[in-house]
Amino acid sequence: MSEPADNQELACLISSLRMHLQRRERVGIRFVPSENLPNVTKSMTIERNVLGPEGDLFAESSPTAQAQNLEELRSAIGDCQRCKLWSGRTHLVFGVGNPRAKLMFVGEGPGRDEDLQGEPFVGRAGQLLTDIITKGMGLKRADVYIANVVKCRPPENRNPEPDEVASCEPFLKKQIDLVKPQIIVALGKFAVQTLLQSKVPITRLRGQWHRYQGIKLMPTLHPAYLLRNPADKKLVWEDIKKVMKELSSEST
Ligand code: SF4
């Protein structure tokens, strides 16, 4: 590559890094552990695919921000390596369901089964969510849209770390923007705290209506938690009944 082109690329990367760090600082991340620093040479090649002219990965002119539908967004995300979770994944688990769903479920991240199959909520917790949708709500899984906060499986199913959530959440927000659901059900602490930008425990948030970008949002417990604490299924059922009531009033 010629020297001017090198300088232009360097300026682009510095600008992108500055905006990336500012975004992380806004969500409370003040340092990056040295072992998490990306391979710069590798990242330069990959991230150029999603950079806008301003150098911000989510600039108005970037392919991710410009995506007009979910297929275009998935294509723009490509073989994402924006956070360290990419190295352990089998599949990037984007999302599934009706692209015009009235109801959207948002979970935390893929587990082992989801990573292997490339689809969210297909393991034991996923079966429980499917039961809630089909047996509880009388809907088909294909009627709703299902996605996660992080698209790649955290190792050993650990919690996603703040820098991983900060890197991946713009993809979720764009998905919501494209699907335009009437109601979001946020499953578990990470989905709720990410969308509401709140540190309030989910036990205090669940069961009450909140708003995300004007969309009604119902926080409830994650199906994986219910597998460990089946007595709390009744709490989720109470939340889901409120969602069903709201859905029926929205359609009349
Ligand atoms: S978790 Fe999200 S940001 Fe991280 S590599 Fe996967 S798709 Fe990219």
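All of these numbers come straight from a predicted model, not from anything done at the bench.

1. Thoughts on the site of the ligand
Then, number 1: Near the ligand, the surroundings consist of C80, R82, C83, W86, R89, L92, K151, C152, S167, C168 and F171.
Then, number 2: Across the shell around the ligand, the residue classes break down as 7 nonpolar, 1 polar and 3 charged.

2. Observations concerning the environment of G111
Then, number 1: The topology assignment puts G111 in the loop between β2 (103-107) and α5 (112-117).
Then, number 2: C-alpha of G111 to C-alpha of R153: the two residues are 42 residues apart in sequence and 5.8 Å apart in space.
Then, number 3: Once residues lying within four places of it in the same chain are set aside, the contact partners of G111 are R153 and N157.

3. Thoughts on the nonpolar core
Then, number 1: L103 and F105 are the most contacted members of the largest nonpolar core, which has 55 residues in total.
Then, number 2: Broken down by element, this core gets its largest block of residues, 7 residues, from helix α7 (residues 162-179).
Then, number 3: Apart from the residues within four sequence positions on either side, F105 is in contact with L129, I133, M137, V144, Y145, I146, A147, V185, L187 and I240.

4. A short note on the pattern of salt bridges
Then, number 1: The final tally for this structure, using the stated rule, is 14 salt bridges.
Then, number 2: One salt bridge connects R112 with D113, and the closest N-O pair in it is separated by 3.9 Å.
Then, number 3: Across the salt bridge formed by R206 and D239, the nearest N and O atoms sit 2.8 Å from each other. Taken together, the positions of R206 in the loop between α9 (202-205) and β5 (210-212) and D239 in helix α11 (residues 233-250) put the pair 33 residues apart, joining distant regions of the chain.
Then, number 4: Salt bridges here are not isolated pairs; linked through shared partners, they connect K84, R158, E161, D163 and E164.

Procedures and definitions
- In every chain, residue numbers begin from 1 and rise along the written sequence.
- Reporting in this predicted model follows two pLDDT cut-offs: at least 70 for local features of residues, and 80 or more for side-chain atom pairs to be given and counted; totals over whole chains, interfaces and linings ignore these cut-offs and use all residues.
- The side-chain figures draw on all heavy atoms in the structure; neither hydrogens nor water molecules are used.
- Near, as used in this document, describes a residue that has one of its heavy atoms within 4 Å of the molecule or strand being considered.
- Under the grouping applied here, Gly and all other residues not named as nonpolar or charged are polar, the nonpolar ones being Ala, Val, Leu, Ile, Met, Phe, Trp, Tyr, Cys and Pro and the charged ones Asp, Glu, Lys and Arg.
- Under the scheme used here, helices are H or I runs from DSSP no shorter than 4 residues and strands are E runs no shorter than 2 residues, and both carry numbers assigned from the N terminus.
- Contact criterion: two residues are considered in contact whenever any of their non-hydrogen atoms come within 4.5 Å of each other.
- In these notes, a set of buried Ala, Val, Leu, Ile, Met, Phe, Trp, Tyr and Cys residues joined through side-chain atoms within 4.5 Å is what counts as a nonpolar core.
- Buried, partly exposed and exposed residues are distinguished by accessible area as a fraction of the type maximum, computed with a 1.4 Å probe on protein chains only: under 20%, between the cut-offs, and over 50%, respectively.
- Only one rule defines a salt bridge in this text: a Lys or Arg side-chain nitrogen within 4 Å of an Asp or Glu carboxyl oxygen.

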